[in-house]
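Listed below, chain by chain, are the residues.
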Amino acid sequence: GVLALFACYSILYIKFKIFYVLYTEEFDSFLLSVGDLYMSIADFERAEIAYDGYIKKFPTNVSGWEKLAVCLQHQERTQEANMARKKAERLSPV
């Protein structure tokens, strides 16, 4: 239906965007959005890859660690999810 069409369109857009910005700084920040899109279609393994790539470039970004924690939890990797969540808490300015 409409959701499947949207998902296909979104994936095609991501592939184009990745091709367009592959070797730029812009690609690094775009990885968070790529992970979010994969999460929205329950492709947790690819979301994890995107979030890991983002965190490697921006290791102090709280949002990246939080999103990785949620992704890992969806994969029933509770211990790793808790570690990522704790990292986010340590980095949080609150």
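Look above for the structure.
Caption draft 1: Spatial organisation of the pattern of salt bridges. Tallying each qualifying case throughout the model produces four salt bridges. Put simply, Glu48 and Arg77 hold a salt bridge, and the shortest N to O gap is 2.6 Å. Of this pair, Glu48 sits in helix H3 (residues 44-57) while Arg77 sits in the loop between helix H4 (62-74) and helix H5 (78-91), and the two are 29 residues apart along the sequence. Arg77 gets classed as partly exposed once you look at its relative accessible area, which sits at 25%. The shortest N-O distance in the salt bridge between Glu80 and Arg77 comes to 2.8 Å. Residue Glu80 is classed as partly exposed on the basis of its relative accessible area of 36%. What you see here is one network of salt bridges that share partners, running through Glu48, Arg77 and Glu80.

Caption draft 2: How the structure looks around the packing of aromatic side chains. What the rule picks out here adds up to one aromatic pair. Measuring from centroid to centroid gives 4.8 Å for Tyr54 and Phe58, while their planes differ by 40°, and the two rings are tilted. Owing to a relative accessible area of 7%, Tyr54 belongs among the buried residues under this scheme. Residue class for Phe58 comes out partly exposed when judged on its relative accessible area of 25%.

Caption draft 3: Here's a closer look at the nonpolar core. Of all hydrophobic cores here, the largest spans 23 residues; its most connected members are Tyr51 and Leu68. Of all the elements in the fold, those that place two or more residues in this core are helix H2 (25-40), H3, H4 and H5. Non-local contacts of Leu68, meaning those with residues more than four positions away in its chain, are made with Glu48, Tyr51, Asp52, Ile55 and Ala84.

Caption draft 4: Fine view of the packing of H3 against H4. Following both chains from N to C, one finds H3 and H4 inclined at 155°, their axes separated by 9 Å at the closest point. As the angle between them shows, H3 and H4 are arranged roughly antiparallel. In this structure, the crossing between H3 and H4 has a hand that is left-handed. Contacts between H3 and H4 involve Phe44, Ala47, Glu48, Tyr51, Asp52, Tyr54 and Ile55 from the first element and Gly64, Trp65, Lys67, Leu68, Cys71, Leu72 and His74 from the second. Of the residues belonging to the contact of H3 with H4, the class tally is nine nonpolar, two polar and three charged.

Caption draft 5: Region of the structure containing H4. For H4, built from 13 residues, the straight-helix expectation of 18 Å at 1.5 Å per residue is met to within 8% by its first-to-last C-alpha distance of 19 Å. For H4, the side-chain oxygen to backbone nitrogen distance between the N-cap and Ser63 is 3.1 Å, and the N-cap itself is Asn61.

What counts, and where the lines are drawn
Residues numbered from 1 in each chain as written. Predicted model: local features only at pLDDT ≥ 70, side-chain atom pairs only at ≥ 80, totals over all residues. Heavy atoms only, no water. Salt bridge = Lys/Arg side-chain N within 4 Å of Asp/Glu carboxyl O. Helix = DSSP H or I, 4+ residues; strand = E, 2+ residues; numbered from the N terminus. Buried < 20%, exposed > 50% of the residue type's maximum accessible area, 1.4 Å probe, protein only. Phe/Tyr/Trp six-rings, centres within 6.5 Å; stacked < 30°, edge-to-face > 60°. Core = buried A, V, L, I, M, F, W, Y, C linked by side-chain atoms within 4.5 Å. Contact = heavy atoms within 4.5 Å. Axes fitted to C-alpha atoms, helices over the stretch in contact; angles between N-to-C directions. Parallel < 35°, antiparallel > 145°, perpendicular 65-115°, else oblique. Left-handed = near helix turned anticlockwise from the far one by under 90°. Nonpolar A, V, L, I, M, F, W, Y, C, P; charged D, E, K, R; others polar. Expected span 1.5 Å × (residues − 1). Polar contact = N/O pair within 3.5 Å; in protein donor to acceptor, adjacent residues only side chain to side chain.

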